[in-house]
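Overview (structure and organization)
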Amino acid sequence: MVATAEGAPAEPPAAEARRARWRSSSGMTVQFWGVRGSLACPGPEVARYGGNTSCVEVRCGDRLLIFDAGTGLRPLGRMLAESGRPTDADLFFSHFHMDHICGLPFFAPIYDPATRLRLWGGNLLPARRVVQAIEQMMSEPLFPIPPDSFKAAIQFHDFYAGDVLKPHPGVMLRTAALNHPGGATGYRLEYTNSAIAYITDTEHRPGVLDKNVLQLARDVDLMIYDSNYTEEEYPSHVGWGHSTWQQAVRLADAAGAKLLALFHHDPDHVDDFLDRIGREAKAQRVQTVVAAEGLRLRF
């Protein structure tokens, strides 16, 4: 399928995001609400690409799927609450480090009894479960209120990376383990004739193309990939669990991905720096975008 893009980092992304309203569609729509890695970083120097941490909304027809619950989940929740319609969503965690879960207590629909949420995680079993990770985050001395404050109907689904998930008829997610401290899960979402891969918080091995990543991204319409570092920065961050935009290009080419979205930007990568990365990446692979808050893609 051919992607059409709406929204760009030419204006403050929050303004674009607030205007986003969704209509029923037979295809797949992707919107980025948080594209930053490790730590939220507000400020004028990141206004065009955004400072919120990982959160991606995907619409499969009328079904709402959310990938990760970073600080970008807050503006997404505000938009959903303002729509006046009950929220019914599946939220898939790549893993449970703080930058990927800290938006959950600030997700407005979670305090609405009409909301239905299913939370999925694939890197905790057998030692722990999703509900335990959420309870730990929202416990003293780290947080003032417990998860019991949530009013939504919430189901918790633990699985093993490698499992195939079928949350709804016609919606299928293939999963695979990623190389990250404590583990992480990558996703390949397939719906109708479209497929996207959400692959973040994974560290490559220099000179090696990760087989799990290649399987998830094979011939997808969109490959979202952890591009936290440049290759010049990576040697001083070995073991931190992140990859480079240059490796993203290599993997996307090898997998035959149609469009590559560079994602999980380092907090120190300001707008001008990301502009330069975008130019260099496009010089190597034309079908590449630097993910920005408010960017929407339709397949």
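What counts, and where the lines are drawn
- Residues numbered from 1 in each chain as written.
- Predicted model: local features only at pLDDT ≥ 70, side-chain atom pairs only at ≥ 80, totals over all residues.
- Heavy atoms only, no water.
- Buried < 20%, exposed > 50% of the residue type's maximum accessible area, 1.4 Å probe, protein only.
- Helix = DSSP H or I, 4+ residues; strand = E, 2+ residues; numbered from the N terminus.
- Pairing = 2+ DSSP bridges.
- Expected span 1.5 Å × (residues − 1).
- Arc of directions from axis to C-beta.

Of all six residues making up strand E11 (residues 194–199), six are buried, and the element is well covered by its neighbours. Every second residue of E11 is oriented toward a common face, with Ser194, Ile196 and Tyr198 on one face and Ala195, Ala197 and Ile199 on the other, all of them buried. Across five bridges, strand E10 (residues 184–191) lies against E11 in antiparallel orientation. When the bridges of E11 are listed, Arg188 appears paired with Ala197. Taken together, E10 and the strand that follows it, E11, pair antiparallel across an intervening segment of two residues, in which Thr192 is found at a positive phi of about 45 degrees.

Because an α-helix packs 3.6 residues into every turn, residues spaced three or four apart end up facing the same way. With 14 residues, helix H6 (residues 271–284) should cover 20 Å at 1.5 Å per step; its first-to-last C-alpha distance of 20 Å lies within 8% of that length. Residues of H6 that are buried include every one of Asp271, Leu274, Ile277, Gly278 and Ala281, and no others. On an axial view of H6, the arc spanned by its buried residues comes to 115 degrees, and they lie on one face. Relative to its buried face, H6 has exposed residues pointing more than 90 degrees away, namely Asp272, Arg279 and Ala283.

For the bond from Leu125 to Pro126, the omega torsion is 0 degrees, close enough to zero to count as cis. Of note, Pro126 is situated in the loop between strand E6 (116–121) and helix H3 (130–137). In the segment running from Glu140 into Pro141, the intervening peptide bond is cis, with an omega of 5 degrees. Secondary-structure assignment places Pro141 in the loop between H3 and strand E7 (153–158). One non-glycine residue, Ser38, lies in positive phi territory at about 75 degrees. Positionally, Ser38 belongs in the loop between strand E2 (28–34) and strand E3 (55–60).

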